[in-house]
Amino acid sequence: MTPTPVPLDSFDLSDVEGFWAGPRDVREGAFETLRRTPGLVHYEERVIEDAPFPPGAGYWALARHDEIWHASRNPKLFCSGQGSNIGDLPQEMNEFFGSMINMDDPKHFRLRTIVSSGFTPKEVAKVEGYVHHKAAAIIDRLDAAFPDRTCDFVEHVAAALPLQVICDMMGIPEEDHAKIFGWTNTILGVGDPEFVSSYEELMAHSLEMFTYAQDLGEDRRANPTDDITSVMMAAEVDGERLTAQEFGSFFILLVVAGNETTRNAISHGMKALTEHPDQRDLLYGDFETLARTAMDEIVRWSTPVIHFRRTATEDTEIAGQPIEAGEKVVMFYNSGNRDERVYPDPYRFDVTRPLQPAQIGFGAGGPHFCLGANLARREMTVMFDEIRRRLPTLRITGEPEYLQSNFINGIKRLECAWD
Ligand code: HEM
């Protein structure tokens, strides 16, 4: 894709229906303009209809790689505890919705320690065989389920694996998977009228999920199994255990983060491989060697999570722009991942792109770096491995229907076909 040049005063990063739902080349052009503009640009926040909270005082957009890196790695100066999405919520709601992603140390550290034991490379390697088995089953059923050899890639391929894996890791029974899928769609679909029609609806779904999680947690505390829920409910840090409320919020974070992001990475990846057949042939021809760089390139290329926010804890400056204590900065990972000062030829999809300098789709480092990065890379690798082994002619044949969002680079539907 070649970005379309766009003047600075012609776009508004807070305009979800206009800017974010608009053409992708314009979006790329706008961020290129922001990266070239000296200093920082400030944006007003949009008014969310029927939300019980007024919009905040706006935010500074961080579009260059080094600025995002700086904010992400200086958590004392740029904290998460006042919220990690653009809008402000009362503190209890921040923690209710975001769990540790909206916390600072020492609270964040305590929670992260409890859960991180379930996500080490060793733990992820344990589920490897089982992830292969699931991915193979997803691909193998396509021929029988779709005799015309065409289907929606998102629903029938990309979404199925992360959903099953995270649900199984958490110990959620199979009959509840569809319910979980619906809830996570609603939570990350905020802004897209297909998923959330009102603020009340969002709250109602979140509460249902929270109650479900509390019941699951209580059950595993009483009857532990070998799932992560049991590990978390039994874990103690400094003599303290997770409360049912903490687990409820944690559950929402893990299940939402584990589901939507990886699904979108797989969908964007298949689209990119279809549009760049030379890169697909390279990858499929030497999968063992190239899988690692290719998966990171897919994450750089697609940047499934568009932004996270931080709040300045004291007066400081970035790129010569003074930032006052209490002001917000928003790290646009999509833009950092296209920064021409860091990535040569950033608009080229290149499955051999070196791992350093690292892409920042899982965050730019610091205490909140994606807990599921190892798991997501494994799931993506296994899925593309099974596709190239079992159905190498699988390709995208339709135009993507994108999620309307400034937070998740989501694809709702994407037609595919095979021979
Ligand atoms: C391609 C897939 C994924 C992408 C692009 C992604 C992206 C991100 C990003 C950008 C962050 C914020 C990093 C920061 O603020 O420094 C994050 C945090 C997080 N991710 Fe992921 N993620 C993915 C998959 C997963 C999976 C599979 C899981 C879990 C099952 C997961 C769990 C989390 C959690 C729990 C956090 C919060 C960590 C903290 O606050 O300490 N993610 N992810």
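The following paragraphs examine the structure supplied in this document. (Residues numbered from 1 in each chain as written. Predicted model: local features only at pLDDT ≥ 70, side-chain atom pairs only at ≥ 80, totals over all residues. Heavy atoms only, no water.)

### Some words on the overall build of the chain
Okay, so step 1: Looking only at helices and strands, the chain has 17 helices and 14 strands in total.
Okay, so step 2: Against the 2.2 N^0.38 benchmark of 22 Å for 419 residues, the chain shows a C-alpha radius of gyration of 21 Å, consistent with a compact globule.
Okay, so step 3: In the chain, which comprises 419 residues, the proportion classed as buried is 58%.
Okay, so step 4: Sequence separation of 24 or more characterises 70% of the internal contacts of the chain that already satisfy a separation of 6 or more.
Okay, so step 5: Of the roughly 17300 Å² that the chain leaves accessible, carbon and sulfur atoms contribute 54%.
Okay, so step 6: Across the chain, the mean location of the 40 positive side-chain charges is 5 Å away from that of the 67 negative side-chain charges. (Helix = DSSP H or I, 4+ residues; strand = E, 2+ residues; numbered from the N terminus. Rg over C-alpha atoms; globule rule 2.2 N^0.38 Å. Buried < 20%, exposed > 50% of the residue type's maximum accessible area, 1.4 Å probe, protein only. Contact = heavy atoms within 4.5 Å. Areas by Shrake-Rupley, 256 points an atom, 1.4 Å probe, with all protein chains shown as cover. Lys, Arg positive; Asp, Glu negative; His and termini not counted. Charge placed at Lys NZ, Arg CZ, Asp CG, Glu CD.)

### Focus: the coordination of the iron atom of the ligand
Okay, so step 1: Of the protein atoms, Cys370 (SG) alone serves as a donor to the iron atom of the ligand, at 2.3 Å.
Okay, so step 2: Inspection of the secondary structure puts Cys370 in the loop between helix H16 (333-336) and helix H17 (373-390). (Donors = N, O, S within 2.8 Å, 3.2 Å for Na, K, Ca; no water.)

### As for the packing of helix H4 (residues 91-98) against helix H11 (residues 199-222)
Okay, so step 1: Where H4 contacts H11, the axes come no closer than 11 Å and their chain directions differ by 60°. One element, H4, and the other, H11, form an angle in the oblique class. Crossing of H4 against H11: the hand is left-handed. Listed contacts from H11 to Met93, Phe96 and Phe97 of H4 are Tyr199, Met203, Ser206, Leu207 and Phe210.
Okay, so step 2: Class assignment for the residues of the contact of H4 with H11 results in seven nonpolar, one polar and no charged. (Axes fitted to C-alpha atoms, helices over the stretch in contact; angles between N-to-C directions. Parallel < 35°, antiparallel > 145°, perpendicular 65-115°, else oblique. Left-handed = near helix turned anticlockwise from the far one by under 90°. Nonpolar A, V, L, I, M, F, W, Y, C, P; charged D, E, K, R; others polar.)

### Description of the environment of His276
Okay, so step 1: Tracing the backbone shows His276 in the loop between helix H13 (244-275) and helix H14 (277-285).
Okay, so step 2: As for His276 and Ile68, which are separated by 208 residues in sequence, their C-alpha atoms are 29 Å apart.
Okay, so step 3: When neighbours within four sequence positions are excluded, His276 is seen to be in contact with Trp301 and Phe349.

### Remarks on the sheet that holds strand E2 (residues 59-62)
Okay, so step 1: On the basis of which strands lie adjacent, the open sheet formed by five strands has the order E1-E2-E10-E7-E3 and mixed pairing. The open sheet has two free edges, formed respectively by strand E1 (41-43) and strand E3 (78-79), since each of these has just one partner strand.
Okay, so step 2: Bridging between E2 and strand E10 (residues 328-332) involves four bridges; their strand directions are parallel. Bridged to Leu62 within E10 is Met331.
Okay, so step 3: Sitting on the sheet, helix H3 (residues 65-72) touches E2, E3, strand E7 (307-312) and E10, and the angle it makes with E10 is about 125°. (Pairing = 2+ DSSP bridges.)

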